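Structure at a glance
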Amino acid sequence: MFLSRLVMTAKQFSTSAVTSFPKLKTHSGTKKRWRALSNGKFKRAHAAHAHLNVAKRPGRKNALCQTAYSSGAQTPTLKKLMPYA
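Since the model is a prediction, treat every value here as computed from it, not as a measurement.

Focus: the sheet that holds strand β2 (residues 42-45)
With antiparallel pairing, three strands are arranged side by side in an open sheet as β1-β2-β3. The open sheet terminates on both sides in strands that have one partner only, identified here as β1 (35-36) and β3 (67-69). Of the pairings in the sheet, the one linking β1 to β2 comprises two bridges and is antiparallel in character. Bridge pairing in β2 places R35 opposite K43.

Shown next as structure tokens:
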């Protein structure tokens, strides 16, 4: 009696159970560039801030070091590209 109940419980928590849908893949370029925030938006760093800074004005360099956030139009696309973020 106890052994059969234990076997039934083990079958319910089996990891080899067939899921109803396939796993979604995260876009590798997106996961390298964007980070998800708790409010549902995403953030990223600006490009062109690491080198060749002599010709850039100080105001431009300051703007490039600031964090960029996803716009209202970008957010749904990023959620599709990063489904588990």
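Things to note about the confidence of the model for the chain
Put simply, the chain has an average pLDDT of 87, and 78% of its residues get 70 or more. Of all secondary-structure elements in the chain, the lowest mean pLDDT belongs to helix α1 (residues 2-12), at 58, while β2 reaches the highest, 97.

A look at a nonpolar patch on the surface
A contiguous nonpolar patch, built from F21, L24 and Y84 and spanning about 380 Å² of accessible area, is present on the exposed surface. Relative to the helices and strands, Y84 is located in the segment after α4 (74-81). Owing to a relative accessible area of 55%, Y84 belongs among the exposed residues under this scheme.

Some words on unusual backbone geometry
Comment: phi is negative for the bulk of residues other than glycine, and the bulk of peptide bonds are trans. The residue A48 is not glycine, and still its phi comes out positive at about 65°. Summarising the element assignment, A48 is placed in the loop between β2 and α3 (58-64). The residue L52 is not glycine, and still its phi comes out positive at about 55°. The residue L52 is located in the loop between β2 and α3 in this model.

Analysis parameters
- Residues numbered from 1 in each chain as written.
- Predicted model: local features only at pLDDT ≥ 70, side-chain atom pairs only at ≥ 80, totals over all residues.
- Heavy atoms only, no water.
- Pairing = 2+ DSSP bridges.
- Helix = DSSP H or I, 4+ residues; strand = E, 2+ residues; numbered from the N terminus.
- pLDDT = per-residue confidence, 0-100.
- Patch = residues over 30% accessible without salt bridge, like charges linked within 9 Å, V, L, I, M, F, W, Y side chains within 5 Å.
- Areas by Shrake-Rupley, 256 points an atom, 1.4 Å probe, with all protein chains shown as cover.
- Salt bridge = Lys/Arg side-chain N within 4 Å of Asp/Glu carboxyl O.
- Buried < 20%, exposed > 50% of the residue type's maximum accessible area, 1.4 Å probe, protein only.

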